[in-house]
Amino acid sequence: MAERYSVAIRDMPVEERPRERAMRHGVQVLSLSELLAIQLRVGAAGRSAIGLADLLASEMGGLRGIGDASVERMSQLPGIGEAKAIQILAAIEIGKRYNALNPESRTVIRNPLDVANLLMPDLRFQQKEHLVALHLDTKNRVIKSVTVSVGTLDSSLVHPREVFREAIASSSAALIVAHNHPSGDPAPSAEDVRVTERLVEAGKIIGIDLLDHIVLGDGCWVSLKEKGRM
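Not measured: the values here are computed from a predicted model. The residue numbering used here restarts from 1 in each chain and proceeds along that chain's sequence as written. Since the coordinates come from a predicted model, pLDDT governs what is reported: local features require at least 70, and pairs of side-chain atoms require 80 or more to be given and counted, while whole-chain, interface and lining totals use all residues. Calculation of side-chain values draws on the structure's entire complement of heavy atoms; hydrogens and water are dropped beforehand.

1. Quick notes on the sheet that holds strand β4 (residues 209-216)
- A pair of strands is treated as paired once DSSP finds two or more bridges between them. By the criteria applied, helices consist of DSSP H or I runs no shorter than four residues and strands consist of E runs no shorter than two, each listed in order from the N terminus. A sheet is described by the order of its strands in space; here five strands give the open sequence β2-β1-β3-β4-β5, paired in mixed fashion. Of all the strands in the sheet, the pair left with one neighbour each is β2 (142-150) and β5 (221-223). Averaged over all pairs of adjacent strands, the angle between strand axes in this sheet comes to 20°, irrespective of strand direction.
- Of the strand pairs in this sheet, strand β1 (residues 130-136) and strand β3 (residues 174-180) are connected by six bridges, and their pairing is antiparallel. By the bridge assignment for β3, Val-132 is matched with Ala-178.
- We call two residues contacting when some pair of their heavy atoms lies within 4.5 Å. Fitting a line to C-alpha atoms yields each axis, with helices limited to the stretch in contact; the angle taken between N-to-C directions then spans 0 to 180 degrees. Each of β3 and β4 touches helix α10 (residues 190-206); the most contacted strand, β4, lies at about 160° to it.

Structure, rendered in C-alpha cells:
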C-alpha cells in the first residue's frame, strides 16, 4: 500500500486508478484518499495524488477535520497550497449545500448509539480530545457537526458561546455534544460533568436544549444523560 502512495496515478495499473474505478463502479466505492486525490489531481514531493490525499486526511483528522479546516491551515501542509486547499473545501461545501436541500436524507439521532456510530470512526483514534457539537433540527436530524475545540476538555476553556454560536446561526432546535478520551476509557471525568452543566444552563437561557453529552472511548461510549449526570 505504501508503494501505491508514492507511485504517480498515471503509472498505476489502469484498474487501480481512482477515476477509472469510479467510471466502472461509481464514486461510492472510492476511499476517502481516492476521492481527495481526484480533487487534487496531482501529487507533490515524492507523493502521488493518493499519497498526498492520505497525508491530508491523516494530518487533518479525517473528513470532519478537513471540512472544519481553514484554507490557511490546510495550505500549510507540504504539497497542498492555497489552490488545492480551495478545491477541496469547495467540493465539501457543495456536499454541505446539497445536504441542506435534502433534509429527509439527514442522519436522525434517536439514541446515544446513533451518536457513537456517527462520530466514533473519526474520533476513536485521535490522540487529543476533540469536542464535537451536533446541531439538530426539530426532528432530531443532524443539520451539521462542528468541532468546537481540540485539547483537554476544560470548563474554563470550553466557553458556551463557542458551542452555541454556530448552533444559533444554523437555526438548531437542539444540540448534542460528544468528545473522545484518547485513553480509550469513556468514563466521564469530573471536568466532563462540569462542562456539561455549564452547557445545559447556557442552553436553557438561549433556548437550544443540550440533549446529551457522549464520551467516546475505543469502541465504547458513555451517555451522561443515561448516567443521570445532566
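Alright, that's what it looks like, and here's the rest.
2. Observations concerning the pairing of β1
- For the exposure calls, accessible area comes from a 1.4 Å probe over protein chains only, and a residue counts as buried if that area is under 20% of its type's maximum, exposed if over 50%, partly exposed in between. The buried fraction of β1 amounts to seven of the seven residues, a majority that puts the element mostly inside the structure.
- What you see with β1 is no split at all: His-130, Val-132, Leu-134 and Leu-136 on one side and Leu-131, Ala-133 and His-135 on the other are buried throughout.
- In this structure, β1 lies alongside β2, joined through seven bridges in antiparallel fashion. Note on β2: the bridge partner recorded for His-135 is Lys-144.
- Where β1 folds back onto β2 in an antiparallel hairpin, the turn is made up of five residues, including Asn-140, whose phi is positive at roughly 60°.

3. Digging into the confidence of the model for the chain
- Across the chain, each position has a pLDDT score giving the predictor's confidence in that residue, from 0 to 100. For the chain, mean pLDDT is 86; residues scoring 70 or higher make up 89% of the total.
- Across residues 1-5, where pLDDT falls below 50, the model places eleven contacts with residues more than four positions away in sequence or in other chains.

4. What to know about the pattern of salt bridges
- The salt bridge definition used is simple: a Lys or Arg side-chain nitrogen within 4 Å of an Asp or Glu carboxyl oxygen. Inspection of every chain in the model, using the stated rule, returns eight salt bridges.
- As a salt-bridge pair, Asp-218 and Arg-124 come within 2.5 Å of each other at their nearest N and O atoms. With Asp-218 in the loop between β4 and β5 and Arg-124 in the loop between α8 (112-123) and β1, this residue pair connects regions lying 94 residues apart in the sequence.
- The class for Asp-218 is partly exposed, based on a relative accessible area of 44%.

5. Quick look at α10
- Here α10 contains 17 residues, and its C-alpha end-to-end distance of 25 Å stays within 8% of the 24 Å for a straight helix at 1.5 Å per residue.
- Of the positions making up α10, those classed as buried are Glu-191, Asp-192, Val-193, Val-195, Thr-196, Leu-199, Val-200, Ala-202 and Gly-203.
- Against α9 (160-169), β3 and β4 lie the buried residues of α10. Given the number of residues in a helix, its expected span is that number minus one, multiplied by 1.5 Å.

6. What about the nonpolar core?
- Within this scheme, the nonpolar core is defined by two criteria: the residues are buried Ala, Val, Leu, Ile, Met, Phe, Trp, Tyr or Cys, and they are joined through side-chain atoms within 4.5 Å. Leu-36, Leu-56, Ile-66, Met-74, Ile-80 and Ile-88 are the most contacted members of the largest nonpolar core, which totals 20 residues.
- Of all elements in the fold, only α3 (32-40), α4 (49-60) and α7 (81-101) reach the threshold of two or more residues within this core.
- When residues of this core are assigned to their parent elements, the largest contribution, eight residues, is made by α4.
- Setting aside anything within four residues of it in sequence, one finds Leu-36 in contact with Ala-53, Leu-56, Ala-57, Ile-66 and Ile-88.
- By size, the runner-up hydrophobic cluster in this structure holds 15 residues, among which are Leu-131, Ala-167, Val-195 and Ala-202.

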